[in-house]
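Observations on the three-dimensional arrangement
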Amino acid sequence: MLFDGKACSPVTIEATTLASGNGWSVQEVICSAGPRDRAFEERHETVSIAAVLAGTFLYRSGQGDALLAPGSLLLGNHGQCFECGHEHGTGDHCLSFHFTPACWENLVAAMPGVRKATFGHSHVPPVASLTRLLARLESARQENAAALEEIAIDLAGIALHVDAELCPRSGRLGRHDVQRVSDAVRRIEADAQLADDSLTLGELSREAGLSPWHFLRVFRRVVGMTPHQYVLRTRMHRAAVQLRDSTTSISGIAFEAGFSDLSTFNHRFRTVMGMNPGAYRARPKC
């Protein structure tokens, strides 16, 4: 994974600058590194916030180790050293936002309620409060610089506020537990649209070789939510992106997202996104 420069082989990284402005920029980064690729120590040359769209990777910094999964945010303070490893799976896809120190200080100074400009955690897990913004972010990849600048500023504010509210997590992640959760996340990403009985706690824990109780505990600690909540987050995110980027009927989108009942989809979408699917589709993109 690339955020400010990469020491490993360039064939594993495809980075495209989507937009840039006065002190900020955003890159779309596709990494194909895998378990055989060595992780190198790198350094954040800017303040960095990366939204994970697909894949998983292990992010190591002075704040500890974290498994980054789709829906989570990587948080990088200016000057901080870090490593990104793919020992638990191949590849990831991110949108990476960068802010120069001067730009970041100006942004933070204008944010009410923000007491410090540095992140206290290495990442934000895929919490429900991010779902709406990340769906907007993913569908805005083809938008102009003005739209992406607005998203960058919104993302900076949300990241700082959520980071300030996170509870500290003690202890290091067990290597085997991270591998099992990474496998489960990739399984959910691949099959989230399938019937519920294929992604139950019992089925996922069986594949992981753990008891349901232990798997639930480990998954929630690593990802930040339960497997069922993560399945719903994945479905809602994909449905929201489709609503903004396609003309497919709402019932068709609900079915493709894994919902066999439209009323259930409408209710859950309204709970997560704050409005019904029709109103969400009718909103301006930015």
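Every value quoted in this text rests on a predicted model; they were computed, and no experiment measured them. (Residues numbered from 1 in each chain as written. Predicted model: local features only at pLDDT ≥ 70, side-chain atom pairs only at ≥ 80, totals over all residues. Heavy atoms only, no water.)

1. A short note on the pairing of strand β5 (residues 57–61)
Where burial is concerned, most of β5 is hidden: 4 out of the 5 residues are buried. Strand direction decides the pairing type here: β5 and strand β6 (residues 64–68), joined by 5 bridges, are antiparallel. In the sheet register, tyrosine 59 faces β6, and the bridge partner there is alanine 66. Here 4 bridges tie β5 to strand β8 (residues 81–85), and the two strands are oriented antiparallel to one another. Its bridge partner lying in β8, tyrosine 59 is registered against cysteine 84. (Buried < 20%, exposed > 50% of the residue type's maximum accessible area, 1.4 Å probe, protein only. Helix = DSSP H or I, 4+ residues; strand = E, 2+ residues; numbered from the N terminus. Pairing = 2+ DSSP bridges.)

2. What about the confidence of the model for the protein?
Mean pLDDT over the protein works out to 87, with 92% of the residues at or above the 70 mark. pLDDT under 50 marks residues 5–11. Its contacts with residues more than four places away, or in other chains, come to 10 contacts. (pLDDT = per-residue confidence, 0-100. Contact = heavy atoms within 4.5 Å.)

3. Observations regarding the sheet that holds strand β9 (residues 92–99)
What links the strands of a sheet is backbone hydrogen bonding, and the strands pair in either a parallel or an antiparallel sense. Sheet architecture is open: 6 strands sit in the order β1-β2-β9-β4-β7-β10, paired in antiparallel fashion. Taken across any chain shown, the strands that pair with only one partner, and hence form the sheet edges, are β1 (13–20) and β10 (123–124). Pairing geometry for strand β2 (residues 24–31) and β9, over 8 bridges, is antiparallel. Its bridge partner lying in β9, serine 25 is registered against histidine 98. The sheet contacts of helix α2 (residues 128–139) involve β4 (47–55), β7 (73–76), β9 and β10, and relative to β4 the element is tilted by about 85 degrees. (Axes fitted to C-alpha atoms, helices over the stretch in contact; angles between N-to-C directions.)

4. Considerations on the nonpolar core
Ile49, Leu73, Phe97, Phe99, Trp104, Phe119 and Leu137 are the most contacted members of the largest nonpolar core, which totals 33 residues. Elements with a contribution of two residues or more to this core: β2, β4, β7, β9, α1 (101–109), α2 and α3 (145–165). No other element matches α3, which puts 8 residues into this core. Apart from the residues within four sequence positions on either side, leucine 73 is in contact with Ile49, Ala50, Ala51, Leu68, Ser122, His123, Val124, Leu130, Leu134, Leu155 and Ala159. By size, the runner-up hydrophobic cluster in this structure holds 21 residues, among which are Val181, Val218, Val223 and Val231. (Core = buried A, V, L, I, M, F, W, Y, C linked by side-chain atoms within 4.5 Å.)

5. Quick word on the pattern of salt bridges
Under the definition given, this model contains 9 salt bridges. Two residues, arginine 136 and aspartate 154, come together in a salt bridge whose shortest N-O distance is 2.8 Å. Placement of arginine 136 in helix α2 and of aspartate 154 in helix α3 is noted, with a sequence separation of 18 residues between them. Under the relative-accessibility criterion, arginine 136 is labelled buried at 16%. (Salt bridge = Lys/Arg side-chain N within 4 Å of Asp/Glu carboxyl O.)

6. Considerations on the environment of glutamine 27
Secondary-structure assignment places glutamine 27 in strand β2. We classify glutamine 27 as buried; its relative accessible area is 16%. When the C-alpha positions of glutamine 27 and glutamate 87 are compared, they lie 24 Å apart, and in sequence the two are 60 residues distant.

7. Section: the packing of aromatic side chains
Evaluated as defined, the whole model comprises 8 aromatic pairs. An angle of 45 degrees between the planes, with centres 5.7 Å apart, marks the rings of phenylalanine 265 and phenylalanine 269 as tilted. One end of the pair is phenylalanine 265 and the other is phenylalanine 269, both in helix α9 (residues 262–273) and 4 residues apart, which spans about a single turn. Each member of the pair, phenylalanine 265 as well as phenylalanine 269, is classed as buried. Through a chain of ring-to-ring contacts, three or more aromatic side chains come together here, namely Phe259, Phe265, Phe269 and Tyr280. (Phe/Tyr/Trp six-rings, centres within 6.5 Å; stacked < 30°, edge-to-face > 60°.)

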